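Below are the chains, spelled out letter by letter.
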Amino acid sequence: MRLNLTGHHVELTPALRGYVEKKLLDRIARHCDQLIDVHCILTVEKLRQKAEATLHVRGCDIHADATDSDMYAAIDALSDKLDRCIKKHKEKRTQHHAGDLQGIEPTAQ
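Residues numbered from 1 in each chain as written. Predicted model: local features only at pLDDT ≥ 70, side-chain atom pairs only at ≥ 80, totals over all residues. Heavy atoms only, no water.

A.B. asks: Before we go on, may I ask you to explain the sheet that holds strand β1 (residues 2-8) in this structure?
C.D. replies: Hydrogen bonding along the main chain pairs the strands of a sheet, whether they run parallel or antiparallel. Strand order in the open sheet made by the four strands is β1-β2-β3-β4, with mixed pairing throughout. Each edge of the open sheet is held by one strand with a lone partner, namely β1 and β4 (60-68). When strand polarity is set aside, the average angle formed by the axes of neighbouring strands in this sheet is 10°. Of the strand pairs in this sheet, strand β2 (residues 35-45) and strand β3 (residues 48-57) are connected by 10 bridges, and their pairing is antiparallel. In the strand pairing of β3, C40 is matched with A53. (Pairing = 2+ DSSP bridges. Helix = DSSP H or I, 4+ residues; strand = E, 2+ residues; numbered from the N terminus. Axes fitted to C-alpha atoms, helices over the stretch in contact; angles between N-to-C directions.)

A.B. asks: Would you explain unusual backbone geometry in this entry?
C.D. replies: Backbone phi values are negative for most residues with the exception of glycine, while trans is the configuration of most peptide bonds. Backbone geometry at H9 places phi at a positive 60°, although glycine is not the residue there. By secondary structure assignment, the location of H9 is in the loop between β1 and α1 (14-31). Overall, H9 belongs to the exposed group, its relative accessible area being 72%. With phi around 55°, K46 is a residue other than glycine that occupies positive phi space. Tracing the sequence through the fold places K46 in the loop between β2 and β3. (Buried < 20%, exposed > 50% of the residue type's maximum accessible area, 1.4 Å probe, protein only.)

A.B. asks: Hey, could you run me through the state of the cysteines in this one?
C.D. replies: Between two cysteines, a covalent bond joining their sulfur atoms is known as a disulfide. Under the defined criterion, the tally for this structure stands at zero disulfides. C60 provides the cysteine sulfur closest to C85, a residue in no disulfide bond, and the two sulfurs are 9.6 Å apart. (Disulfide = S-S within 2.5 Å.)

A.B. asks: Which parts of the structure should I look at to understand the packing of aromatic side chains?
C.D. replies: One pass over the full model with this rule turns up one aromatic pair. With a centroid separation of 4.8 Å and 75° between ring planes, the pair formed by Y19 and Y72 is classed as edge-to-face. Here the residue Y19 occupies a position in helix α1, and Y72 occupies one in helix α2 (residues 71-97), the gap between them amounting to 53 residues. Taking relative accessible area as the criterion, Y19 reaches 18% and is therefore assigned buried. (Phe/Tyr/Trp six-rings, centres within 6.5 Å; stacked < 30°, edge-to-face > 60°.)

A.B. asks: Help me out: how do you make sense of the confidence of the model for the protein chain in this one?
C.D. replies: Averaged over all residues, the pLDDT of the protein chain is 85; the fraction at 70 or higher stands at 86%. Here α2 stands out as the least confident element of the protein chain, with mean pLDDT 85; β4 is the most confident, with 93. (pLDDT = per-residue confidence, 0-100.)

A.B. asks: What is the right way to read the pattern of salt bridges from this model?
C.D. replies: Side chains that carry opposite charge are capable of pairing whenever their charged atoms lie near each other. Tallied over the full model, the rule gives eight salt bridges. Among the ionic pairs, D76 bridges to K23, the shortest N-O distance being 3.4 Å. Of this pair, D76 sits in helix α2 while K23 sits in helix α1, placing them 53 residues apart in sequence. Classification of D76 as partly exposed rests on a relative accessible area of 26%. When its relative accessible area of 22% is taken as the criterion, K23 is described as partly exposed. Across the pair D83 and R27 runs a salt bridge, and its minimum N-O distance is 3.5 Å. Note that D83 is positioned in helix α2 and R27 in helix α1, a separation of 56 residues in sequence. (Salt bridge = Lys/Arg side-chain N within 4 Å of Asp/Glu carboxyl O.)

Structure (structure tokens):
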């Protein structure tokens, strides 16, 4: 799994890079074992700090972004959004195969 980290109008310090790696990779890798690539862009626009990421997972691409007044808060919000998106993607994949059992009624005992 690769992590591409890009900064627009912001200097990527080792502390910021380490924080992104810790928050995104640890949290996402816990739920998704088929992660291929992560591309994260950190942007500063006047007083807005924006963090956006695209995950390349086997079968689809997942995109999320978050904006806050603090870059670390934006990264936290981004990791929360990506965590929810990964869980939703996993549920879609597992529910697809369970559709055959919906027509069967349980037997009374």
